[in-house]
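What follows is each chain in one-letter form.
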Amino acid sequence: MKILFLNGPNLNLLGQREPDVYGKTTLADIEKKVRERAADLKAEVEFRQTNLEGDLVGWIQQAQGKFDVIVLNAAAYTHTSVALRDAIGAVSVPTIEIHLSNIHAREEFRHKSLIAPVCKGQISGFGANSYILGLEAAISVNAS
Ligand code: DQA
């Protein structure tokens, strides 16, 4: 079972970026935790981050036939990107939307996710643990 974790803009700054909102854990720490849990669950994981929308679109397209599930923290593009939504809709790889913060408890512009309707489901508000929950959800999506 192969799971592709994709991270959008500014998530490379985790740990130093608004720690009161996103916590002090870095993306490298999160990747390490995800890899440890994935090893327990016998899943193979690839982990990527980009600040560019087009990279995310390309990676989603290329996941077809190569990965079983995508776990996506699209960051700010969650709220703006029709291109990402169309890419998710265009491939048959189930995608799970995740966020560190609870986007529904924040500014109004974050309440709307353009990608939610084409995702299997959404995990939001559990800090770094959203990634572990995303991994577990990915495995259960694949089993169902
Ligand atoms: C985020 C929430 C988004 O609204 C924000 O733009 C991010 C991070 C989260 O993980 O909580 O960059 O996706």
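See the structure above.
Here the structure is a predicted model, which is why all the values come from computation and not from measurement.

A.B. asks: Can you help me understand the pattern of salt bridges in this one?
C.D. replies: Opposite charge on two side chains permits them to pair, given that their charged atoms come into close proximity. For the structure on display, the rule yields 8 salt bridges. Across the salt bridge formed by E36 and K32, the nearest N and O atoms sit 3.4 Å from each other. Note that E36 and K32 are positioned in helix α2 (residues 27-40) at a spacing of 4 residues, about one turn of the helix. We classify E36 as partly exposed; its relative accessible area is 45%. As a salt-bridge pair, E46 and R48 come within 2.7 Å of each other at their nearest N and O atoms. Three or more residues are tied together by salt bridges with common partners; here these are R37, D40 and E136.

A.B. asks: Explain the environment of L4 to me, please; I cannot follow it from the model alone.
C.D. replies: Relative to the assigned elements, L4 resides in strand β1 (residues 2-7). Along the chain, L4 and Q62 lie 58 residues apart, while their C-alpha atoms are 11 Å from each other. Setting aside chain neighbours within four positions, we find L4 in contact with E46, R48, W59, A63, F67, V69, I70 and V71.

A.B. asks: Explanation requested: the site of the ligand in the structure shown.
C.D. replies: What surrounds the ligand is the set R17, Y22, N73, A75, A76, H79, H99, L100, S101, I103, R106 and R110. The separation between an oxygen atom of the ligand and a polar side-chain atom of R17 is 3.0 Å. At 2.7 Å, a side-chain N or O of H79 approaches an oxygen atom of the ligand. When the ligand is considered free in solution it has 320 Å² of accessible area, and contact with the protein chains removes 99% of it. Looking at the shell around the ligand, its residues break down into 5 nonpolar, 4 polar and 3 charged.

A.B. asks: Explain the sheet that holds strand β2 (residues 44-49) here, please?
C.D. replies: Hydrogen bonds between backbone groups are what pair the strands of a sheet, and the pairing can be parallel or antiparallel. Judged by pairing direction, the sheet is parallel, and its 5 strands sit side by side in the order β2-β1-β3-β4-β5 without closing on themselves. In this open sheet, the two strands that pair with only one neighbour each are β2 and β5 (121-124). Ignoring strand direction, the axes of neighbouring strands in this sheet form an average angle of 20 degrees. Direction of pairing for β1 relative to β2: parallel, over a ladder of 6 bridges. The residue bridging F5 from the neighbouring strand is F47, located in β2. Docked against the sheet, α2 engages β1 and β2, running at close to 165 degrees with respect to β2.

A.B. asks: Please clarify how α2 should be interpreted in this entry.
C.D. replies: One turn of an α-helix holds 3.6 residues; hence residues three or four places apart share an orientation. Helix length check: α2 (14 residues) gives 20 Å between terminal C-alpha atoms against 20 Å at 1.5 Å per residue, within 8%. Listed in full, the buried residues belonging to α2 are L27, I30, V34 and A38. The arc that holds the buried residues of α2, viewed along the axis, is 70 degrees, so those residues lie on one side. Relative to its buried face, α2 has exposed residues pointing more than 90 degrees away, namely A28, K32, A39 and D40. Among the residues trailing α2, K42 stands out with phi positive, at a value near 60 degrees.

Thresholds applied
Residues numbered from 1 in each chain as written. Predicted model: local features only at pLDDT ≥ 70, side-chain atom pairs only at ≥ 80, totals over all residues. Heavy atoms only, no water. Salt bridge = Lys/Arg side-chain N within 4 Å of Asp/Glu carboxyl O. Helix = DSSP H or I, 4+ residues; strand = E, 2+ residues; numbered from the N terminus. Buried < 20%, exposed > 50% of the residue type's maximum accessible area, 1.4 Å probe, protein only. Contact = heavy atoms within 4.5 Å. Near = heavy atom within 4 Å. Polar contact = N/O pair within 3.5 Å; in protein donor to acceptor, adjacent residues only side chain to side chain. Areas by Shrake-Rupley, 256 points an atom, 1.4 Å probe, with all protein chains shown as cover. Nonpolar A, V, L, I, M, F, W, Y, C, P; charged D, E, K, R; others polar. Pairing = 2+ DSSP bridges. Axes fitted to C-alpha atoms, helices over the stretch in contact; angles between N-to-C directions. Expected span 1.5 Å × (residues − 1). Arc of directions from axis to C-beta.

Functional significance is not addressed by these values, which are geometric in nature.
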